[in-house]
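# Report on the structure
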Amino acid sequence: MPGWDGFPVREALSQELGCPVMVDNDVNLMALGEQHAGVARTVHDFLVVKIGTGIGCGIVVGGDVYRGTTGSAGDIGHIQAVPDGRPCACGNRGCLEAHFSGAALARDATEAAQQGRSAELATLLETNGELNAADVAAAAAAGDAAALDLIREGGTRTGQVIAGLVSFFNPGLVVIGGGVTGLGHTLLAAIRTQVYRQSLPLATGNLPIVLGELGPVAGVIGAARLISDHLFSPA
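The paragraphs below set out a description of the structure included in this document. Keep in mind the model is a prediction, meaning the values are calculated, not measured. (Residues numbered from 1 in each chain as written. Predicted model: local features only at pLDDT ≥ 70, side-chain atom pairs only at ≥ 80, totals over all residues. Heavy atoms only, no water.)

## Points about the pairing of strand S1 (residues 46-51)
The line we're drawing: Exposure categories follow from relative accessible area, calculated using a 1.4 Å probe and restricted to protein chains: below 20% of the type maximum is buried, above 50% is exposed, and the middle band is partly exposed. The helix count covers DSSP runs of H or I at least four residues long, the strand count covers runs of E at least two residues long, and both are numbered beginning at the N terminus. We treat two strands as partners when DSSP finds at least two bridges between them.
With respect to burial, S1 is a largely interior element, six of its six residues being buried. Burial along S1 is two-sided: the residues Phe46, Val48 and Lys50 and Leu47, Val49 and Ile51 are all buried. In textbook terms, the turn of a hairpin is the stretch between consecutive antiparallel strands, and for S1 and strand S2 (residues 55-61) this stretch comprises three residues. Sheet analysis places S1 next to strand S4 (residues 173-177), joined by five bridges and oriented parallel.

Pasting the structure below:
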């Protein structure tokens, strides 16, 4: 996050609010939320993949969120999905996030509308002045072929990265969440197809890949759980 590197977020908020503050990555909090009150209530080893403005992954091992040495575990948006692909904000090329995220999807949808490949997206662009993931979902729901292709292509690329994670980590569940999940079962089907095709059957034979149950409140519930666990821990 350019301009925020090294900024003492926790200390600044604590001073402003006059109380102790805890800070965590949004997808880690989503994982805690789904574990506490969502689809992962009975699973101890699982992944939560958030597809929104960026792409991240919450990793839960033995019931605990794994954050890595410096807190950057799960930054899968910057795993290369397309060799020598589009430039990414991180400075590399071909990152998953550069090819499929809320911003990337909006860009591709705008291009499809302007090039005359989608009458539905062109109408939405003219009406709204810009396009976002919700517009692509609406166009896909109306049967627009270009919108459906954008979703399937993005789901396939995301599935390629998730397949690598599944082969490495062997989770008991993969949860898909974030703003782009408004694309629904078309996106989920593309991710599932790629993961089941690419990963070994031993890892995927009993592996559910599902949408999160809690939607936009997953992170809020996870944040409440983070605080309560800290306050009421034996330590």
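## What about unusual backbone geometry?
Glycine aside, residues mostly have negative phi, and peptide bonds are mostly found in the trans state. The phi angle at Asp84 is positive, at roughly 55°, despite the residue not being glycine. Structurally, Asp84 can be placed in the loop between strand S3 (64-66) and helix H3 (96-99). Backbone geometry places Asn170, a non-glycine residue, at a positive phi of 55°. Mapped onto the elements, Asn170 comes out in the loop between helix H7 (145-169) and S4. Residue Asn170 is classed as partly exposed on the basis of its relative accessible area, which comes to 47%.

## Description of the pattern of salt bridges
Convention followed: Any Lys or Arg side-chain nitrogen located within 4 Å of an Asp or Glu carboxyl oxygen qualifies as a salt bridge.
Counted according to the given criterion, the structure contains 11 salt bridges. The salt bridge involving Asp24 is made with Arg67; its shortest N-O contact spans 2.7 Å. Of this pair, Asp24 sits in the loop between helix H1 (9-17) and helix H2 (26-37) while Arg67 sits in the loop between S3 and H3; the two residues are 43 residues apart in sequence, bridging distant segments of the chain. Among the charged side chains, a network of salt bridges with common partners joins Arg86, Arg107 and Asp108.

The values are spatial; any link to function lies outside them.
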